[in-house]
Amino acid sequence: MSPPPEDHSVTVVVRRRTKPGCEASFEEEMQRFTCFVLGFPGNRGIHILRSDQSNPREYTVVDRFENMDARHAFTATEDYRVWMKRLRELSVEDPHIEEMEGLAGWFTIPGEPAHKPPPKPKMALVTFMGVYPLTSLLPPFFGKLLPAWPHLLRNVLVTGLIVALLTWVVMPNLTKLFKRWLFKA
């Protein structure tokens, strides 16, 4: 059995703080920017997260690309530079940008400086610990909950839910839980 192909995807995490009173304008511009990003070849999706009510001007953007070449092609365009200038005008300072390849994008700890990604065997083991329960429990649960739904549609729902849970709930918590072991020097 050959090993699975290496994941060359790139996760880009951008953190911005808007100028006071610019939140609505920033969100409108981000909606337009999202359309621009999603139309670019090699983009795998973008998510915009607004911080809680204690920091309503803080935004985190998570953008994924097929590989680093696609990311570099995107950032090399004049349109990208225009968008960065436009968004910078609504922000307090330049954004904090992190680029992580492969599974490393899941192994970040919110609110802490970026660490060197853990070794791949450790990332694979912790990812397995997050994926296995979700893929074992959710498909049968939704099969019983939504038996009339076509299998493919139900599978789209379950897969989307698994990805969302892994991205925003499971992997951040597992990364915190195993922080000392994962990032041990």
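An unreviewed UniProt entry lists the protein under the name Antibiotic biosynthesis monooxygenase, from Luteolibacter rhizosphaerae.

A. Examining empty space enclosed by the protein more closely. The final tally for this structure, using the stated rule, is 1 cavity of 30 Å³ or more. By volume, the largest cavity is sized at about 130 Å³. Elements represented by at least two residues in the lining of the largest cavity include exactly β1 (10-17), α1 (23-38), β3 (58-65), α2 (68-75) and α3 (78-88).

B. Seen up close, the packing of α1 against α3. Running from N to C, α1 and α3 point in directions that differ by 165°, and their axes come no closer than 11 Å. Judged on the interaxial angle alone, α3 and α1 are roughly antiparallel. Crossing geometry of α1 relative to α3 is assigned as left-handed. Residues Phe26, Glu29, Met30, Arg32, Phe33 and Phe36 of α1 form the contact with α3, whose participating residues are Asp79, Tyr80, Trp83, Met84, Arg86 and Leu87. Residues that form the contact of α1 with α3 fall into these classes: 8 nonpolar, no polar and 4 charged.

Reading the values: the criteria
- Residues numbered from 1 in each chain as written.
- Predicted model: local features only at pLDDT ≥ 70, side-chain atom pairs only at ≥ 80, totals over all residues.
- Heavy atoms only, no water.
- 1 Å grid on protein atoms, 1.4 Å probe; cavity = no way out; pocket = protein on both sides within 12 Å on 5 of 7 lines; lining within 4 Å.
- Points joined across faces, edges and corners; volume = space filled by probe spheres on them.
- Helix = DSSP H or I, 4+ residues; strand = E, 2+ residues; numbered from the N terminus.
- Axes fitted to C-alpha atoms, helices over the stretch in contact; angles between N-to-C directions.
- Parallel < 35°, antiparallel > 145°, perpendicular 65-115°, else oblique.
- Left-handed = near helix turned anticlockwise from the far one by under 90°.
- Contact = heavy atoms within 4.5 Å.
- Nonpolar A, V, L, I, M, F, W, Y, C, P; charged D, E, K, R; others polar.

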